[in-house]
Structure formats: C-alpha cells, structure tokens
Amino acid sequence: MSQEKRKIIPQKHPMPYQDPAARCSNFEEVALGYSEETAVLEASRCIQCKNSPCIDGCPVGIDISAFIKMISERDYAGAISKIKEKNYLPAICGRVCPQESQCEAKCTIGKKNEPVAIGRLERFVADWEIARSMESAPKITPNGKQVAVVGAGPSGLTTAACLALKGYGVTVFEALHVAGGVLVYGIPEFRLPKKIVAREIENISRLGVEIRVNAVVGKLNRVDELLEQGYDAVYIGTGAGLPYFMNIAGENLNGVYSANEFLTRNNLMKAYKFPEYLTPIRVGNRVAVIGGGNVAMDSARTALRLGAESHIIYRRTLKEMPARHEEIEHAIEEGVQIQYLASPIEIKGNEEGRVSSILCQRYELGEPDASGRRSPIPVPGEMFEIEVDTVVMAIGQGPNPLVPQTTPDLKTNKWGNIIADAETAATSMKGVYAGGDVVTGAATVILAMGAGKTASEAIDAYLQGK
Amino acid sequence: MFKIVLKEELAPKIKLFKVMAPEIARKARAGQFIILRIDEEGERIPLTIADFDAQAGTITIIFQEVGKTTDLLGALEQGGYLQDFVGPLGMESEIESYGTVVCVGGGVGVAPVFPIARALKEAGNTVISIIGARNSELLIWKKEMSHISNKLYIATDDGSDGQKGLVSDVLAEILSSTSVDRIIAIGPVPMMEAVCKTAPENITAMVSLNPIMVDGTGMCGACRVEVDQKTRFACVDGPEFDGHKVNWELLKMRARMFVDEERIALTQSCGEGECSCHRKNAK
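What counts and what doesn't
Residues numbered from 1 in each chain as written. Chains lettered and ligands numbered in written order. Predicted model: local features only at pLDDT ≥ 70, side-chain atom pairs only at ≥ 80, totals over all residues. Heavy atoms only, no water. Contact = heavy atoms within 4.5 Å. Buried area = accessible area lost by both parts, 1.4 Å probe. Salt bridge = Lys/Arg side-chain N within 4 Å of Asp/Glu carboxyl O. Helix = DSSP H or I, 4+ residues; strand = E, 2+ residues; numbered from the N terminus. Buried < 20%, exposed > 50% of the residue type's maximum accessible area, 1.4 Å probe, protein only. Polar contact = N/O pair within 3.5 Å; in protein donor to acceptor, adjacent residues only side chain to side chain. Phe/Tyr/Trp six-rings, centres within 6.5 Å; stacked < 30°, edge-to-face > 60°. Lys NZ or Arg CZ within 6 Å of the ring centre and 35° of its normal. Pairing = 2+ DSSP bridges. Axes fitted to C-alpha atoms, helices over the stretch in contact; angles between N-to-C directions.

(A) The arrangement of the interface of chain A and chain B in detail. On the chain B side, the residues contacting the 43 residues of chain A number 51 residues. Taking both partners together, chain A and chain B bury about 4,000 Å²; carbon and sulfur atoms supply 56% of that area. For chain A, the biggest contributors to the area lost against chain B are Lys219, Asn252 and Leu278 of chain A; these three give 19% of the whole. Here chain A and chain B share four salt bridges between them. A salt bridge links Asp260 of chain B to Arg282 of chain A, with the nearest nitrogen and oxygen atoms 3.1 Å apart.

Given below as structure tokens:
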C-alpha cells in the first residue's frame, strides 16, 4: 500500500454495538469488537508519523505506532507482543481506558480528522490472542528476590507482572475471593466481561506470580510482618475501597446503596442471576443514581438491566460530567434519564423503612472551582421530589483504611491516602511502595497501572542496589 | 478450599464446624469474625468466631440454620470443604482488667461470647456469665462457659434449665446485688437491646452487631449501623460497639432489607434443578 498518496479516511471505523433495545435487558458485552478486516483498515489510517505523539499520551508508554503498523501488516502476534512489552492487561485497557483523553487525544490524524481508534485496535489484537489461547509466557530467570503485592487490582497486577518479568518472585495478596479488584467487583460484565479479566490474570499467573485470594493484609498479615517474613519489598495497591455518602437525612434507609455495594452485589456476586446465585439485589421500579462519573453510569445501566426505570441525578451539566463521553452516550441510548443541575437533600422512606422518594435541590452553574469546572450553586426555593425505590450513591470513594490503620509507620494525608513519591512510588517506610487509587484517590484503571509500572522500576532499582 | 475437620450438632438446627484455616487461627482474637462462601453460587456470610486454636490450625464457628445459606451450610459433612473462608475480620474485643464483668450470651450468641469471656478471665477479671435459650435443648456450650466463668447463670424461656425467664431478668438481679464494671452481650437483637436497657448507662455494655455484609473489609457499606448518632461500618469499625449508643430501631429495620429475597431463595431457587442444592443432592 502506498503510504504517500493515500487519502486519509476522516472517521474511525465504527465499533459494532449490541442494539440498545436488546442490550438494555441483558448483561452481555455492549461493544462487540472489530473484525479482522475492519482492524486492518483502521490500522492503515495511522500515517506512522515520525514523532508518535500518541506514545506520550499513554500512561504506560506502549509503542503504539509500532503495534498498529503490525496490525496493518496482519502480524497480530507481533502486535500483541509489542503491546505486552509495556502493558500486561491489553484486553482490559482496550475496553476501559479513556483513550479520547490520552493516546487518541495526541494522535496527529486527530488534528483534522477523527484520531486512529487506538483503543479498539488494542482490544482487537488482545482478543485475537485470547481467542487463540496462546501461551506466550516468556523465559524468566529468577533473581532470588521476593516482593509482596497487596491488592490484585489493576495497579497490583501490573506491578506483579512487571516484577515477575524482571525475575522477582511475586506473591499478590487479595482480600476478596477472586483477583481483579475493581475489574471484577466494579466494572460491569456488559463493559468488561469477567472471562476476559480472568484470562488476563491467568496470563499473569503464567509468569510465575502467585495470587493468594481471601488474604486480607492488615488482618491476616501486616505490612511489617510481610517484610519480616522475607519479602524484600512490598507494593500497596489497595484501591479506593471506602464508599462516600452525602450525610443527608434518610441515607440509612433500606434501598440506599453505595455504588460499591450495588455493583459488588451484581458484578462480583452475580446477583443479576439471583436466585441461582444466592446474593440478592433489590431495585424496585425506579432507581436514582447520584453522581456523574463512570461509576454512576455503570450503576444506572446496571439498574436498567435489572428491570428498573433508571435516573441519574447530577449537580452540574453534561459538559462537566466526569464520565467518559462514550459511557454517557450508551447510557442515554439505553434509556437512562439524566437530571442535570440537581442534587438530593433528603431521602424519604415509608413506614417499613424503605426508600419512597428523593427530594432534590435545583442548581445553577457559577464560577469555575479548584477543579476548573464551574461550581454548582443552589437556586433558592427550587426543589423537586421524585418517587423512587432505590438510591445509589456514586459520589466517589476514599482509600481503603485497612492497611494504613494497621501500619502506623505508613504516612497518610488528611483524606487517608497513602503518601507516595510521584517518581518512585516510595512511601515513608523503607522497602514499601504504593500506587493507584489508594495514593491518588479514585482515578482510572490505566493510571493505576501506570503507577504500578513506575513502582516496579523503583522497586527493581532499590533491590538491585541493595 | 477450606476443610471442615469437625462437624457437631449442638442442638436441633444448631451446628458447630471446626474449619482448617491455620493462618487465620494464628491471628484470630476474641470478638473477630470470618466471612465464608460455600461455593461459586454462594453468598458471603459473616460469622463471629466461636473459638480458635493456633496449634491445631482451626477456627470454630457455630451457626443456626435460619435461611438458605445456613441450611446449605448445615448440610455439608465433616471432611467436606468450603470454597472461601476469610478473616480474621473486624476489631478484636477490648480486653482489660475491668474488675467484675458480666458476659451474656443468648441462643447461638453464646458461642462468640465464649472466647471473649475466656480472654477477660485470663486478664484477671471476675467473670459472671449468663447464658440463655428458649429451652434446655437449645442451650449450647453450658460446660464450656462454666469452665471459664467464676459464676454461671442460666435462663430459659420455659424454665427447662436454670431460671425461667430472660437473660436480662437475671442481669437485673445481679446488678441489684453486685457491683459490675462492664457487660458483654451477644445474641439476638432483641436480647442485646433488652440487656442494654437493663444495664445502667454508666456501665459500658458492649454488643456484637451482625448486620448484612458483603465484603467485610469496609468496601461496600452494606453493614451501616448508627452508633452515637454517627454512621459506622460494623465490619471495620466493629463488630462490637457500646450498646447504650446503638440505634436499635435502625439495626432491626436494616436487617429486613432482603426479607422477600430471603424467602424466594428458600423456596424458589430450585427452579431448573441447576441450582447448587440440586447438584449437591445429585452428588
């Protein structure tokens, strides 16, 4: 194919999706993935520009132009190996990374046209490998050193994979009964199928990483005990597992869930298959989800699939919503209704103590606040009430306190986040590193992975210098 | 997988398991709990630890068959396995030398009171225990409790063992004649509430709350309770709180969250014969 004379196709090849009318009542994956032909055509939209600005946009620094070139040449095995030099969870990142604000935001083609669909191509080639059950474990020479990783979420798994590839013996301690962290308890099946997550984790196990589930560090072993037991370093990636509530009246009524509880029941415990699976979930006829992030979208779309009318209540407007644009669009297509410029001030209940309605205050936008977004200001006297059976609080999560509580030498900030050096992930304790949401507060999967990667390099430098 | 090394029926529908879990047994302290999941389809349920043996590597749990999951649990045999067993969770009991402590256990609540009473005794307290049940047949661990108590009182609803009446009646009598420095009460919610109403406000009355939980590590907030007018998570802040400050009405209300679903699970989960109970029966 002639690179010089080729006319650029202005738009991304569309992603095939499950029809909204059908998908709003099932938990199957919404985005179906590119076919081989579409992937090759999309890959050929990349002009292989010299400076590859896309790579700077990737928190883990994947050689994007190289893997895309390989796809255009139908060298899929080469493409996936190229990605795995930097990222051990490509089937996950291809699905849940906010590419529009990272790699694709920097794409040269994207200056005048739509950028190359980097995320979709990453997913394509990762799925291609999974479909072929390739066992691509590289040869590793053990270096005799041991590292403990606390938390089997995206950050901990990335650290584990990177260190295993360098020859470290790695044990990952996971509190829940399956590995994956937010990938299994938080992100719904329809956005990230759990068999994909399980498969990616199998690949990490194949590197020799031992994953111990049902192991609550802080309770079963403390961080200082892990060091005493012979681990040369510890990485803490325990995530943002502490749900925030609003402290409004009625928040402890039956029918008010944290998004964490709502999603965990459904995703981790498979309550949507109740009573075949024994964990119940109850949504009633109408659900209000409070918040405007990806977790709010996931909750609202889950509620819809469980058969309820689903509303999102958000303080600002569409423009300020922190959720990915694609997720908002999908939610609206499926029938989620969004109330902008409103926030609950009270949840009311019936005589049985169940939620019956939610009373909301109207807001308008004022001046930009510290986050750069225009801040919502209440409009005096403007209130409205919606009858609902369920309220899901998706207003954010704080760091899980179990490890800091039981590790007094570990310095935390006033919100309870572990203080770690941005360059090295080093904490106040020698040999102890931390990264991901427990350090930054709730952020994205890929940023947590980036932190894991940074930490793995710092841990390697520390242990090799030892 | 976690092996059930001993199964005993203590009373009708009340069973004891010793589960092989050496790491948990090494770390467990009085007052903490575990969460278990029977199999892939199972729910995660919290049970307060009834005893632990670091040398044998076992954790003892005692449960009453009151719903789908506890029924399935009771159907497991000695030598069988639990898919998941995680702990020790929650804060351990505060154990100090208080002086005279009254330990109250009602129904299966006698089991988790046992290690706390033992620890209090070892810490030098005079331990007065009151255990109760509907009738003598349902009374568990009488012998165990008598070993570690300076004095043991028994109350049954029908008077078939000990005094006829409630454990809180016995407590009132003790309080009228003895100087008590602290009270520990574990059992059904109405029992714990009655104990706290009987005890004067100036005597701390610790109760162990067992609200609905999912993860048990502070992640989901299902176990929200109100103590001293503040929302707390029983799994990480508790499970023990000063009962004088617990909002009992809220606790009782939240326990009814899934009352309909619990009935459905008990009666309808056998739809296609694909459910776990059918598969177990087929084995």
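(B) Quick look at the side chain of Glu261 of chain B. Mapped onto the elements, Glu261 of chain B comes out in helix α9 (residues 259-268). In this structure Glu261 of chain B comes out as buried when scored by relative accessible area, which is 9%. At 3.2 Å, the side chain of Glu261 of chain B and the side chain of Arg282 of chain A are in polar contact.

(C) Up close: the packing of aromatic side chains. Here the structure, examined in full by the defined rule, presents ten aromatic pairs over all chains. Look at Phe17 of chain B and Phe63 of chain B: their rings are 5.1 Å apart centre to centre, the planes differ by 75°, and that puts the pair in the edge-to-face class. With Phe17 of chain B in strand β2 (residues 14-20) and Phe63 of chain B in strand β6 (residues 58-64), this residue pair connects regions lying 46 residues apart in the sequence. Following the ring pairs from residue to residue traces out a cluster consisting of Phe27, Phe190 and Tyr272 of chain A. A cation over an aromatic ring shows up here: Lys84 of chain A above the ring of Tyr88 of chain A, its NZ or CZ 5.0 Å from the ring centre.

(D) The arrangement of the sheet that holds strand β2 (residues 169-173) of chain A in detail. Residue and element names in this part refer to chain A. Taken together, five strands build an open sheet; the order of strands is β3-β2-β1-β4-β15 and the sheet is parallel. Whereas interior strands pair on both sides, the edge strands pair on one side only; in this sheet they are β3 (210-212) and β15 (432-434). On average, each strand axis in the sheet is inclined to that of its neighbour by 20°, with strand direction left out of account.

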